[in-house]
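Overview (structure and organization)
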Amino acid sequence: MSQIVSIPKGYQSKLNLMHTEIAIKELKDFFEDKLAENLNLIKVSAPLLLLEGTGINDNLNGVERIVNFDALDIDEKKVEIVQSLAKWKRSALARYGFTIGEGLYTNMNAIRRDETLDNLHSMFVDQWDWEKVISKGNRTIETLKDEVQKIYLAIKQTEQYMFEFHPLLEPTLPENIHFVTTQELEQTHPHFTPKQREDYVCKEYGAVFLMEIGGTMESGEIHDGRSPDYDDWSLNGDIIVWSPILERSIELSSMGIRVDRDTLIKQLKLSNHEERLSLNYHQSIINNELPFTIGGGIGQSRLCMFLLKKAHIGEVQASVWNEKMYEHCKENNITLL
């Protein structure tokens, strides 16, 4: 069920409908160029559809229903709509022959039918998905932090660029991003929920990279769910920024160093998904046929929403909402595309 939309008091968009559409293109074009430049990436084509049963489609938290259908000219299997490209990208790096220090990015469009709709969540997901080859010796926290800082620089550069063309979009991001682990937050704020911890630390620092998501903390709880077969839970995290408009934190990116053979086996066992080891993708990792990589996704609409000072993701992307949300937004000066 959708949540009640959070409406900032006296909300008025900084840009009208036409200027919003113009600004979205300016922002996406500029950020995409900076991302590719800072991380040494080239753009490639990506699928919207995958065959079921290969293990390449993302299982997210393992409970979301993948949208699939029968196709007229494909008899063997059903066709699935992408949920994300976390695994496909690693296979693509191997197929294309990328070497250490080189990477790819793509426009990822997905449908997540079980998403709970609110200010930040839509059934339609659009991301810049990226992946980069690293050496086995560079599967370290230092490598992870280095790539985070390059992405954060691209975000900062884009924020300044948009301000130069649209003076109402005043910069709010701090100079540097703050690094903290989920365990550290649990120790300092044991009585908070995970979301409350994120809001607290993000309000204090403005921009945070929250590390080590998916594994069990000392309390026996997990901070948030992560699929066990792409990120190494000890070498991953989320880029989170503070939104003065919504007065809450917003996750812009999830990323991490990808599992190697030992980590894959360990995490599948911990999550009771060892049956996946027989799938083609997982066998490629077991047999060391795929490169060691780091990668992630950066929400296109999330970034546009944040930098264009919007209150609802539907102000920067065209999607489908329930009637209650349409009416509530209309009554409160939120124009959905």
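Remember, predicted model here, so these are calculated numbers, not experimental data.

Considering the arrangement of structural elements, one finds T181 in strand β7 (residues 178-181). Accessibility expressed as a relative area gives 10% for T181, which makes it buried. Contacts of T181, omitting those with residues within four sequence positions, involve L210, M211 and E212.

So, about a nonpolar patch on the surface. Residues L48, L49 and F69 make up a contiguous nonpolar surface patch of roughly 250 Å² in combined accessible area. Tracing the chain through its elements places F69 in strand β3 (residues 68-71). F69 gets classed as partly exposed once you look at its relative accessible area, which sits at 32%.

Our focus in this paragraph is the environment of N288. Relative to the helices and strands, N288 resides in the loop between α7 (280-286) and β11 (293-299). Under the relative-accessibility criterion, N288 is labelled exposed at 56%. As a C-alpha pair, N288 and R261 span 27 residues in sequence and 7.2 Å in three-dimensional space.

Before going further, it helps to spend a moment on the pairing of strand β9 (residues 231-243). Most of β9 sits inside the fold, with 12 of its 13 residues counted as buried. With 5 bridges connecting them, strand β8 (residues 207-211) and β9 associate as antiparallel partners. Pairing of V208 across the sheet is with I240, part of β9. Two strands pair when backbone bridges link them, and β9 and strand β10 (residues 248-258) are joined in this way by 9 bridges, in the antiparallel orientation. Note on β10: the bridge partner recorded for V241 is I250. Where β9 folds back on β10, the antiparallel hairpin that results is connected by 4 residues, among which E247 adopts a positive phi of roughly 55°.

Quick look at the nonpolar core now. Counting 54 residues, the largest nonpolar core has W130, I151, F209, M255 and L308 as its most contacted members. Other than its neighbours up to four places away in sequence, I151 contacts F31, L35, L39, W130, I239, M255 and I298. Counting residues in hydrophobic clusters, the runner-up holds 13 residues, among them L50, L85, A92 and V133.

Model confidence for the protein is summarised by a mean pLDDT of 89, while 95% of its residues fall at 70 or above. Taken element by element, the protein is modelled with least confidence in β3, mean pLDDT 78, and with most confidence in β7, mean pLDDT 97.

Enumeration according to the criterion identifies 20 salt bridges in this entry. D260 is the partner of K136 in a salt bridge, and the nearest nitrogen-oxygen pair spans 4.0 Å. Pair noted here: K136 is in the loop between β6 (124-133) and α3 (141-165) and D260 is in the loop between β10 and α6 (261-270), with a separation of 124 residues, a long-range link. Of the residues examined, D260 reaches a relative accessible area of 10% and is grouped as buried. With a shortest N-O distance of 3.4 Å, D146 and K150 are connected by a salt bridge. In this pair, D146 and K150 are both assigned in helix α3, 4 residues apart and thus about one turn of the helix distant.

All right, on to unusual backbone geometry then. Backbone geometry at E247 places phi at a positive 55°, although glycine is not the residue there. Along the polypeptide, E247 turns up in the loop between β9 and β10. Residue E247 is classed as exposed on the basis of its relative accessible area, which comes to 61%.

For the rest of this paragraph, the subject is the sheet that holds β9. Ordered in space as β1-β5-β6-β11-β10-β9-β8-β7, the 8 strands form an open sheet in which the pairing is mixed. The sheet is open, and its two borders are formed by β1 (41-43) and β7, each paired with just one other strand. The mean inter-strand angle of the sheet, taken between neighbouring strand axes irrespective of direction, is 25°. Pairing of β1 with strand β5 (residues 103-111) involves 3 bridges; the strand directions are parallel. Across the sheet, the residue bridging to I42 is L104, located in β5. Each of β1, β5, β6 and β11 touches helix α1 (residues 17-39); the most contacted strand, β6, lies at about 20° to it.

Parameters at a glance
Residues numbered from 1 in each chain as written. Predicted model: local features only at pLDDT ≥ 70, side-chain atom pairs only at ≥ 80, totals over all residues. Heavy atoms only, no water. Helix = DSSP H or I, 4+ residues; strand = E, 2+ residues; numbered from the N terminus. Buried < 20%, exposed > 50% of the residue type's maximum accessible area, 1.4 Å probe, protein only. Contact = heavy atoms within 4.5 Å. Patch = residues over 30% accessible without salt bridge, like charges linked within 9 Å, V, L, I, M, F, W, Y side chains within 5 Å. Areas by Shrake-Rupley, 256 points an atom, 1.4 Å probe, with all protein chains shown as cover. Salt bridge = Lys/Arg side-chain N within 4 Å of Asp/Glu carboxyl O. Pairing = 2+ DSSP bridges. Core = buried A, V, L, I, M, F, W, Y, C linked by side-chain atoms within 4.5 Å. pLDDT = per-residue confidence, 0-100. Axes fitted to C-alpha atoms, helices over the stretch in contact; angles between N-to-C directions.

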